[in-house]
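# Structural overview
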Amino acid sequence: MSDPAAVEFLVLHGLAVKKAGTAEAVADILGEDPGCVGPALEASVESGRAVEARGMFMATPAGRGWLIEGYGAVFGPFRAAPEATEAYERFERINRDLLRLFTEWQMMPAGNETVPNDHSDAEYDNRIVDRLGALHERAERPLEQFAALEPRLGQYRRRLENAHDRVLAGEHEFVSGAKVDSYHTVWFELHEDLLRMLGREREEQA
């Protein structure tokens with residue numbers, strides 16, 4: 001992609017999905033070279049569409065407004081594709097089950113109450129990890145459909161696969177940890193990306 005405006009739009013979109021992040025983090029979402037993403041973020045800062053502090057960037061209200069105005073034109077073909085609607089419906093069904101799983105990973109029953117999961121009950125945790133594996137398999141079909149329509153979305157499949165592998169290796173912070181590229185983090189970003197591409201971000205926020 002050589003058009004500077006198109007590059008800035010895509011990079012700012014990645015930043016909006018990430019909420020806040022470095023050039024490297026935005027590049028990872030997009031599957032692009034950080035050497036290309038960094039200058040585009042700097043251009044967004046100069047245009048008032050982003051702010052930067054200590055290497056961390058965030059979209060401004062003006063930048064978010066610019067994105068919303070442009071989404072229809074940029075992602076029009078994706079929105080019009082019946083396959084995108086079908087894949088998103090599959091995705092949402094899996095999303096509901098995953099949200100319940102993440103809640104049960106963080107909280108567990110104790111008598112008539114639920115308490116924070118201290119992960120001392122290996123059997124309880126292993127059952128949830130097994131369920132995550134089943135949902136991960138279910139997600140393959142819609143992820144394939146999304147990537148076929150928009151190759152950039154294939155980056156989420158790579159990142160989800162990595163998070164799942166780390167969970168299976170015993171690194172359980174990769175289920176829903178906020179400080180790593182956990183399954184929860186990557187899935188949340190994919191959901192945000194899809195909402196924006198499909199023009200549903202305002203509907204969900206409402």
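Residues numbered from 1 in each chain as written. Predicted model: local features only at pLDDT ≥ 70, side-chain atom pairs only at ≥ 80, totals over all residues. Heavy atoms only, no water.

## Section: the overall build of the protein chain
Applied cut-off: Per the convention used, a helix needs a DSSP run of H or I reaching at least four residues, while a strand needs a run of E reaching at least two, with both numbered from the N terminus. Throughout, radius of gyration means the C-alpha value; the globule benchmark is 2.2 Å times the number of residues raised to the power 0.38. Each residue's exposure class comes from its accessible area (1.4 Å probe, protein chains only) as a fraction of the maximum for that residue type: buried when under 20%, exposed when over 50%, partly exposed otherwise. Note that accessible areas follow from Shrake-Rupley with a 1.4 Å probe, and for residues the cover is restricted to the protein chains shown. Counting rule applied: Lys, Arg positive; Asp, Glu negative; His and chain ends not counted. To locate a charge, take NZ of a lysine, CZ of an arginine, CG of an aspartate or CD of a glutamate.
Tallying secondary structure elements over the protein chain gives eleven helices and four strands in all. Relative to the globule expectation of 17 Å for 206 residues, the C-alpha radius of gyration of the protein chain, 18 Å, shows essentially globular dimensions. Seen along its three principal axes, the alpha-carbon backbone of the protein chain occupies a region of about 55 × 40 × 30 Å. A total of 206 residues make up the protein chain; the buried ones form 42% of that total. Carbon and sulfur atoms make up 52% of the accessible area of the protein chain, which totals about 10,600 Å². Side-chain charges in the protein chain split into 23 positive and 37 negative, and the spacing between the mean points of these groups amounts to 4 Å.

## Thoughts on the packing of aromatic side chains
Keep this limit in mind: Paired rings are identified among Phe, Tyr and Trp, the last through its six-membered ring, by centres lying within 6.5 Å, and are further divided according to the angle between planes into stacked (under 30 degrees), edge-to-face (over 60) and tilted (the rest).
Inspection of the entire model under this criterion finds eight aromatic pairs. Ring plane angle 20 degrees and centroid distance 5.9 Å describe the contact between Tyr88 and Phe91, whose orientation is recorded as stacked. Within this pair, Tyr88 and its partner Phe91 are both found in helix 6 (residues 82–106), separated by three residues, close to a single helical turn. Pair check on accessibility: Tyr88 and Phe91 agree, each one buried.

## Here we look at helix 1 (residues 4–18)
Put simply, the test is: Here the expected span of a helix is defined as 1.5 Å times the quantity of residues minus one.
Compared with an ideal rise of 1.5 Å per residue, which puts 15 residues at 21 Å, helix 1 spans 21 Å between its outermost C-alpha atoms and is within 8% of the ideal. Most of helix 1 is tucked away: eleven of the 15 residues are buried. For helix 1, the set of buried residues is Glu8, Phe9, Leu10, Val11, Leu12, His13, Gly14, Leu15, Ala16, Val17 and Lys18. Directly after helix 1, the chain includes Lys19, whose backbone phi takes a positive value near 75 degrees.

## A few points about the confidence of the model for the protein chain
To keep things clear, this is the line we draw: The pLDDT value tells you how sure the predictor is about a given residue, anywhere from 0 up to 100. Contact definition: two residues touch when any of their heavy atoms are within 4.5 Å.
In this model, the protein chain carries an average pLDDT of 94, and 96% of its residues clear a pLDDT of 70 or more. Every residue in residues 202–206 is under pLDDT 50, and counting partners more than four places away or in other chains gives three contacts.

## Focus on the domain arrangement of the protein chain
Quite often, the size of an interface is put as the accessible area lost when its parts meet. For the record, the criterion: Note that the domain bounds reflect an automated or database-derived domain assignment. Buried area: the accessible area, evaluated with a 1.4 Å probe, that two parts lose upon being put together, summed over both parts. For salt bridges, the criterion is a side-chain nitrogen of Lys or Arg within 4 Å of an Asp or Glu carboxyl oxygen.
Entries for the protein chain in the domain assignment read domain 1 (4–74) and domain 2 (77–198). Using C-alpha coordinates to define each centre, domain 1 is positioned 24 Å away from domain 2. Taken together, the 15 residues of domain 1 in the interface contact 14 residues of domain 2. For the domain 1 and domain 2 pair, buried surface summed over both sides reaches about 1,200 Å², with 50% attributable to carbon and sulfur atoms. Connecting domain 1 to domain 2 are four salt bridges.

## Examining the environment of Ala23
Checked against the element boundaries, Ala23 lands in helix 2 (residues 23–30). Separated by 133 residues in sequence, Ala23 and Tyr156 have C-alpha atoms that sit 17 Å apart. In this structure Ala23 touches Val37, Gly38, Leu41, Gly55 and Phe57, once residues within four positions along its chain are discounted.

## Some words on the packing of helix 1 against helix 4 (residues 61–74)
Rules: Lines fitted to the C-alpha atoms define the axes, with helices restricted to the stretch that makes contact. Angles between their N-to-C directions range from 0 to 180 degrees. The cut-offs work like this: below 35 degrees is roughly parallel, past 145 is roughly antiparallel, 65 to 115 is roughly perpendicular, and the gaps in between are oblique. Here a crossing is called left-handed whenever its near helix is offset anticlockwise from the far helix by less than a right angle, and right-handed whenever the offset is clockwise. Residues are grouped as follows: Ala, Val, Leu, Ile, Met, Phe, Trp, Tyr, Cys and Pro are nonpolar; Asp, Glu, Lys and Arg are charged; every other residue, Gly included, is polar.
For the pair helix 1 and helix 4, the least separation of the axes is 10 Å and the interaxial angle reads 115 degrees. Considering their axes alone, helix 1 and helix 4 lie roughly perpendicular with respect to each other. Handedness of the helix 1/helix 4 crossing: left-handed. Residue-level inspection shows Ala5, Glu8, Phe9, Leu12, His13 and Ala16 of helix 1 in contact with helix 4, the latter providing Gly63, Trp66, Leu67, Gly70, Tyr71 and Val74. Considered class by class, the residues forming the contact of helix 1 with helix 4 number eight nonpolar, three polar and one charged.

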